[in-house]
Amino acid sequence: MSNALAPVKGFVRNAWYAAAVSGEIGRNLFSRRILDEPVLMYRKQDGMPVALLNRCPHKLAPLSLGTLVDDVVQCRYHGLQFDGAGACVRVPGQENIPRSARVRSFPVTERYGLLWVWMGEPSLADPTRIVAVERYGTPGWAVIEGHYQHHGSSYVNIAENLMDPAHTTFVHEKTIGNPAASEVAVQVEEGTDYVLAYRWVNNVPPPPIDRKLGGFSGLVDRCQYYYFFPPAVSRVDVVTMEAGREHSEENKDRGVRAFSYKFLTPETQNRTHFFWLHVRNFRVGEPEAAEELARSMGATFEEDNALYSAVQLEQEATGHVQYTGLLIDRAPALIRRKIKSMIEKEQTCLKAS
Amino acid sequence: MSNALAPVKGFVRNAWYAAAVSGEIGRNLFSRRILDEPVLMYRKQDGMPVALLNRCPHKLAPLSLGTLVDDVVQCRYHGLQFDGAGACVRVPGQENIPRSARVRSFPVTERYGLLWVWMGEPSLADPTRIVAVERYGTPGWAVIEGHYQHHGSSYVNIAENLMDPAHTTFVHEKTIGNPAASEVAVQVEEGTDYVLAYRWVNNVPPPPIDRKLGGFSGLVDRCQYYYFFPPAVSRVDVVTMEAGREHSEENKDRGVRAFSYKFLTPETQNRTHFFWLHVRNFRVGEPEAAEELARSMGATFEEDNALYSAVQLEQEATGHVQYTGLLIDRAPALIRRKIKSMIEKEQTCLKAS
Amino acid sequence: MSNALAPVKGFVRNAWYAAAVSGEIGRNLFSRRILDEPVLMYRKQDGMPVALLNRCPHKLAPLSLGTLVDDVVQCRYHGLQFDGAGACVRVPGQENIPRSARVRSFPVTERYGLLWVWMGEPSLADPTRIVAVERYGTPGWAVIEGHYQHHGSSYVNIAENLMDPAHTTFVHEKTIGNPAASEVAVQVEEGTDYVLAYRWVNNVPPPPIDRKLGGFSGLVDRCQYYYFFPPAVSRVDVVTMEAGREHSEENKDRGVRAFSYKFLTPETQNRTHFFWLHVRNFRVGEPEAAEELARSMGATFEEDNALYSAVQLEQEATGHVQYTGLLIDRAPALIRRKIKSMIEKEQTCLKAS
């Protein structure tokens, strides 16, 4: 069809991507494909994480088949040893080490219970560019630490889905869906490094769940803020607060509030590592509440996964991602365009340099 | 090899294809790939069947993941609703419906216990062009209604197989094969819309099975007529009748007679939906006979399937379908050429229009 | 990378390849893909083996689906019969046999408990060119007859591995690996039709196993000779003998000695049929020793297989086989180059002829 949209090709390389949940990585050799490259991760004896290309430069054996010897990884094939920076420190059978015997290493850092990897130009890997997780570690706030799922769809489809509250009524019909919700339009706002879709519903009776969690006696104002920081971070901020008060951050924090984060890490062009974590100011210190929340959020994200994995296969079969544009597409379309232009800009810089 | 035959590419689009057994389609959403397109089928509340492209024009979600709301299908992703003609009748969140929000619908009709779909130009979809099934519904004749198998081969290979009685001795060696049969050559006749291969064996003693079914006391004449109506319909007409009588339709009907139909519906270029049904004038009103016949015919067709599925893989690996021509290939070769020329004619018309 | 090595493409066709263990082939139809062609094998009534292309020239049915009728194979589809030389001897339904109805046959011969097939120019198939297996059938020597494994890697990777004792310490760490061994460099020698890597360790105390097998009281000399006869044969000759004696074949035979053969038969470019057999002068006439040896050698070769199958996948993903050259690569690199030049020479001859 003439106005069919083509998929976004490629990746933003200069960005921090969630690579693993902290607990996944230890004194074992762990591999995961990230931006279509095999990445080996492990921890040094002091606990510092390492990320290397999972491929010996000699015969291309996956280093993850090898063994950890102190802080270096030893290839299973001929025993070459590489340190955490990718330098070869031993070649059995010869004294001098060839200059080409070197493995690409990736900047890696740990924060919020996750390992973050930088697959682009290493000199640009500034850890302060990792997204700030709101209220993480703040007293009075509880955290559901990072969880991992594997999703069968392009990170771009997932990003669009996360900026698209309209799907909730239908995809999550049996869980969190709410037919009424689909009738309230979202406001959309674009910043240099984010897209935001949000809505307020003011002066309404609190729903039973909020009544129970927040002890509200009168009317409430409710909001959802869907932020996406391309290429990879979604933050959803949900608040129920007493009606009539100023919508300040302070007042929001006095209501029932949660921040839900998702970190999208492309495995390949069409498959995605999906990490999420959750911060809330209600039912703090109740592990069974955390368990129940984690279980139900995990199930909800799998509903999305089932849907957009099927979409993905149709998109792969046709080479298109969309035929018809709708009003609800505004935020998703902004995200797709922002990701696309970030990729194009990176590739232009690469060519220029 | 220089005289190797290449496979026939493409499909005849302007034809009725068996799409489903009537009982497969109801108030559920059923999808089947036909001519390499995903087709969604369901019945409206009045029982009328619907066939739509199984792909929402918004983000390409398979509509079969959605739900039936009265007579319309609602997409699982954003709740768009399409009626049985493919028109979008609702977009949640907006009043006006974009002109491009439309799903392709296919003419579909029900006959002989099967749903028939027309994947080509809708204005040409004349239901009278559906093949007439002989004796179907005629008193004194019993029907084994439509059965479905999935076959691992191109419809062209299957069509050739159905015009090729010479394979019976070898492929069906353990079931219906008969070494003697292979020695009697078939006559071949070509019409504008059919190919026919047939043989008569006259003045022979009846085989035990025909003796039992027909109560013959003397010699018999026996015939098999293999018709193929390209691109998709095979009719085999088998008769054992008293010797010496005129070979009229009336006299044939007085003998032991069966019409065996196969309807080939390409799933893809190389895989086929295989429907069959059977009409007979013997052991009428004996359900156990019908069961036994259906079971043994089903098993026979799976013998063919096993054989030509293996052939298919060799043909795919080599890019050829045949190296050596034989006398027994006359009818199969006519069928292949007829299908090929129908495809070419359609494509020429398409370009001209 | 600029100095990345590309994989060797193609096969040496004019060579004898192990096609099957003798016991695999009998009065059944057996098929195996060799040099990426489907090969049918069976034995005639007198026990002589036959190797034919497993593809009927009529519609390309795999002949292995058919049946053996005396010494000819009968196609399952239309009953065409082919003799052991590939000539068609019967076409049901016609008297004359088309000239094109012929199946390619391959020279095949039996030796050392294996069937050997020649996939190249038949006139060059001289059985004396089959490798001579040392001591096979000599009194005082025991044979572990041919065993078969399927390996997930290119025959070139396997050939390199077999000329590369340096991998033993690491790949076989838990079985036959020996950290000390990796420190003794091999000598490399190149002949017109072989590459040899070998090492002697002289005047050392015998290891316990050799002490037990050879009854040595004093110091010993030990050697390993790794021969590869491209494209397909590896012979490893391992000796422990009394120190101070001349290193003659006679004296070696008086020590503890074994010849280990591997025969590599490409299934496709990237997968290999791996045959091995073993000849020894110790624990002769002890079937339980043979069983134990066979089991442990089989397990060792599967360790190699696991490693280079993973290497193969990385090589396929990158299109390269090596980035960095090491000293230990000398013999493997010679083998790779020799195979490559044999293929190029054959292809040049083919074009010239």
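Criteria and cut-off values
Residues numbered from 1 in each chain as written. Chains lettered and ligands numbered in written order. Predicted model: local features only at pLDDT ≥ 70, side-chain atom pairs only at ≥ 80, totals over all residues. Heavy atoms only, no water. Helix = DSSP H or I, 4+ residues; strand = E, 2+ residues; numbered from the N terminus. Buried < 20%, exposed > 50% of the residue type's maximum accessible area, 1.4 Å probe, protein only. Polar contact = N/O pair within 3.5 Å; in protein donor to acceptor, adjacent residues only side chain to side chain. Contact = heavy atoms within 4.5 Å. Pairing = 2+ DSSP bridges. Least-squares fit on C-alpha atoms with pLDDT ≥ 70 in both. Axes fitted to C-alpha atoms, helices over the stretch in contact; angles between N-to-C directions. Buried area = accessible area lost by both parts, 1.4 Å probe. Salt bridge = Lys/Arg side-chain N within 4 Å of Asp/Glu carboxyl O. Parallel < 35°, antiparallel > 145°, perpendicular 65-115°, else oblique. Left-handed = near helix turned anticlockwise from the far one by under 90°. Nonpolar A, V, L, I, M, F, W, Y, C, P; charged D, E, K, R; others polar. Expected span 1.5 Å × (residues − 1). Phe/Tyr/Trp six-rings, centres within 6.5 Å; stacked < 30°, edge-to-face > 60°. Lys NZ or Arg CZ within 6 Å of the ring centre and 35° of its normal.

> Help me understand the side chain of arginine 257 of chain B in this model?
All names here are of chain B. Its place among the elements puts arginine 257 in strand β16 (residues 256-266). The class of arginine 257 is buried, set by a relative accessible area of 1%. Here aspartate 253 takes part through its side chain, which lies 2.7 Å from a polar atom of the side chain of arginine 257. With residues near it in sequence (within four places) discarded, arginine 257 still touches Arg135, Trp141, Asp237, Val238, Val239, Glu249, Lys252, Val279, Arg280, Asn281 and Phe282.

> I keep staring at the pairing of strand β9 (residues 108-111) of chain B and nothing clicks. Help me out?
Both faces of the sheet carry side chains from a regular strand, because those side chains alternate between them. Residues and elements named next belong to chain B. Of the strand pairs in this sheet, β9 and strand β10 (residues 114-118) are connected by four bridges, and their pairing is antiparallel. Note on β10: the bridge partner recorded for valine 108 is valine 117. Between the end of β9 and the start of β10, which pair antiparallel, lie two residues, with tyrosine 112 showing a positive phi angle near 55°.

> For this particular structure, what's the right way to read the relation of the copies chain B and chain C?
Here the second copy of the chain follows from the first by a rotation about an axis and a shift along it. Between chain B and chain C, which share one sequence, the superposing operator has a rotation angle of 120° and an axial displacement of 0.1 Å; the RMSD is 0.1 Å. The relationship between the two copies is best expressed as a three-fold rotation axis.

> Is there a simple way to think about the sheet that holds strand β12 (residues 187-190) of chain C in this case?
Strands in a sheet are paired, the pairing made by backbone hydrogen bonds, and the direction either parallel or antiparallel. Residues and elements named next belong to chain C. Taken together, the seven strands give an open sheet; going across it, the order is β11-β17-β16-β15-β14-β13-β12, and neighbouring strands pair in antiparallel fashion. Edge strands, defined here as strands with exactly one partner in the open sheet, are β11 (142-151) and β12. Averaged over all neighbouring strand pairs, the angle between strand axes comes to 15°, with direction disregarded. Against the sheet, helix α1 (residues 155-162) contacts β11, β14 (220-229), β15 (233-242), β16 (256-266) and β17 (272-280), and its axis sits at roughly 165° relative to β16. The strands touched by helix α5 (residues 287-318) within the sheet are β11, β16 and β17, with β11 carrying the most contacts at an inclination of about 25°.

> Help me out: how do you make sense of the side chain of glutamine 74 of chain A in this one?
Among the secondary structure elements, glutamine 74 of chain A is positioned in strand β6 (residues 72-74). Its relative accessible area of 14% is what places glutamine 74 of chain A among the buried residues. With sequence-adjacent residues up to four places away left out, glutamine 74 of chain A is seen in contact with Gly66, Thr67, Val69, Gly79, Leu80, Gln81 and Arg90 of chain A together with Phe170 of chain C.

> What is the right way to look at the interface of chain B and chain A in this model?
Size of an interface: often given as the accessible area lost when the parts come together. In this complex, chain B contributes 25 residues to the contact, which on the side of chain A involves 31 residues. At the boundary of chain B with chain A, total buried surface from both sides reaches about 2300 Å², with 58% on carbon and sulfur atoms. Summed over the three residues of chain B that lose the most area to chain A, namely Lys59, Leu60 and Tyr77 of chain B, the buried surface amounts to 30% of that side. Taken together, the links from chain B to chain A amount to three salt bridges. A salt bridge links arginine 76 of chain B to glutamate 173 of chain A, with the nearest nitrogen and oxygen atoms 2.9 Å apart. Along the contact surface separating chain B from chain A lie 15 residue pairs in polar contact (both at pLDDT 80 or more).

> What's the story with the packing of helix α1 (residues 155-162) of chain B against helix α5 (residues 287-318) of chain B in this structure? I'm lost.
Between two packed helices, both the angle of their axes relative to each other and the distance between the axes serve to describe the pair. All names here are of chain B. Running from amino to carboxyl end, α1 crosses α5 at an angle of 130°, the nearest separation of the two axes being 10 Å. Taken as axis vectors, α1 and α5 run oblique relative to one another. Handedness of the crossing formed by α1 with α5: right-handed. Of α5, the residues touching α1 (which contributes Asn157, Ile158 and Asn161) are Asp304, Tyr308, Val311, Gln312 and Gln315. Classifying every residue of the contact of α1 with α5 gives three nonpolar, four polar and one charged.

> Looking at this structure, I do not really get helix α6 (residues 330-352) of chain A. What am I missing?
When the terminal C-alpha atoms of α6 of chain A are compared, their 33 Å separation across 23 residues agrees well with the 33 Å that a helix rising 1.5 Å per residue should span. Where α6 of chain A is buried, its residues meet α1 (155-162), β12 (187-190), β13 (195-204) and β14 (220-229) of chain A.

> Teacher, can you tell me more about the sheet that holds strand β8 (residues 88-90) of chain A here?
Residue and element names in this part refer to chain A. If you trace the four strands from one edge of the open sheet to the other, you get β5-β6-β7-β8, paired in antiparallel fashion. Only two strands of the sheet have a single partner each, and these edge strands are β5 (67-69) and β8. With three bridges joining them, β5 and β6 adopt antiparallel strand pairing. Across the sheet, the residue bridging to leucine 68 is valine 73, located in β6.

> How should I be thinking about the pattern of salt bridges in this particular structure?
Two side chains carrying opposite charge are able to pair once their charged atoms lie near each other. Across all of its chains, the model carries 74 salt bridges over all chains by this definition. When salt bridges that share partners are traced, they join Glu134, Arg135, Arg235, Asp237, Glu249, Lys252, Asp253 and Arg257 of chain A into one network.

> Just to check I follow, could you spell out the packing of α1 of chain A against α6 of chain A for this structure?
All names here are of chain A. Relative to each other, α1 and α6 sit at 145°, their axes nearing to 8 Å. As α1 packs across α6, the resulting crossing turns out to be right-handed. For the pair α1 and α6, contact is made by Tyr155, Val156, Ala159 and Glu160 and by Pro332, Ile335, Arg336, Ile339 and Ile343, respectively. Residue composition of the contact of α1 with α6, grouped by class: seven nonpolar, no polar and two charged.

> Can you walk me through the interface of chain B and chain C in this structure?
At the interface, 31 residues of chain B touch 25 residues of chain C. When chain B packs against chain C, the two sides together hide about 2300 Å² of surface, and 59% of this comes from carbon and sulfur. In terms of surface lost to chain C, no three residues of chain B exceed Phe170, Glu314 and Thr324 of chain B, which account for 28% of the buried area on that side. Counting across the chain B and chain C interface gives three salt bridges. Two residues, lysine 59 of chain C and glutamate 160 of chain B, come together in a salt bridge whose shortest N-O distance is 2.3 Å. Linking chain B with chain C are 15 residue pairs in polar contact (both at pLDDT 80 or more), by the criterion used here. When residues of the side of chain B that touches chain C are traced back to their parent elements, those giving at least two are α1, α2 (168-171), α5 and α6 (330-352) of chain B. In terms of residue count, α5 of chain B provides more of the side of chain B that touches chain C than any other element does, seven residues in total. Taken together, the residues that form the side of chain B that touches chain C break down as 13 nonpolar, 11 polar and seven charged.

> Sorry if this is basic, but what is going on with unusual backbone geometry here?
Residue and element names in this part refer to chain A. That bond from proline 230 to proline 231 is cis: its omega, 10°, falls within 30 degrees of zero. With respect to the helices and strands, proline 231 occurs in the loop between β14 and β15 (233-242). Notably, arginine 135 is not glycine yet its phi reads approximately 65°, a positive angle. As for its position among the elements, arginine 135 is in the loop between β10 (114-118) and β11 (142-151). With relative accessibility at 16%, the residue arginine 135 sits in the buried group. The phi dihedral of asparagine 203 is positive, around 55°, even though this residue is not glycine. Residue position: asparagine 203 is located in strand β13.

> Sorry, what's going on with the environment of isoleucine 335 of chain C here?
Residues and elements named next belong to chain C. With respect to the element layout, isoleucine 335 can be found in helix α6 (residues 330-352). Remark: the alpha-carbon pair of isoleucine 335 and leucine 277, spanning 58 residues in sequence, is separated by 21 Å. Contacts of isoleucine 335, omitting those with residues within four sequence positions, involve Ala159, Glu160, Met163, Val195, Phe228 and Pro230.

> Explain the pairing of strand β2 (residues 30-34) of chain B here, please?
Residues and elements named next belong to chain B. Only one face of β2 is buried: it carries Phe30, Arg32 and Ile34, and the other face, with Ser31 and Arg33, is open. As paired strands, β2 and strand β3 (residues 37-43) are joined by five bridges and run antiparallel to one another. Bridge assignment links arginine 32 to a residue of β3, and that residue is valine 39. Connecting β2 to the next strand, β3, in antiparallel fashion are two residues, including leucine 35 with a positive phi near 50°.

> Help me understand the packing of aromatic side chains, please; the structure alone is not making it clear to me.
For any pair of aromatic rings, geometry is given as the distance between the ring centres together with the angle between the planes. Taken as a whole, this structure holds 44 aromatic pairs over all chains when the rule is applied. With a centroid separation of 5.3 Å and 55° between ring planes, the pair formed by phenylalanine 274 of chain C and phenylalanine 301 of chain C is classed as tilted. Of the two residues, phenylalanine 274 of chain C is situated in strand β17 and phenylalanine 301 of chain C in helix α5; the sequence distance between them amounts to 27 residues. Phenylalanine 301 of chain C shares its class with phenylalanine 274 of chain C; the two are buried. Here a set of aromatic residues connected by ring pairs shows up, and it is made of Tyr194, Tyr198, Trp200, Tyr225, Tyr227 and Phe229 of chain A. It is arginine 235 of chain B that lies over the ring of tyrosine 227 of chain B; its NZ or CZ is 4.4 Å from the centre. Here lysine 252 of chain C stacks its cationic end above the ring of tyrosine 225 of chain C, 4.5 Å away from the centre of that ring.

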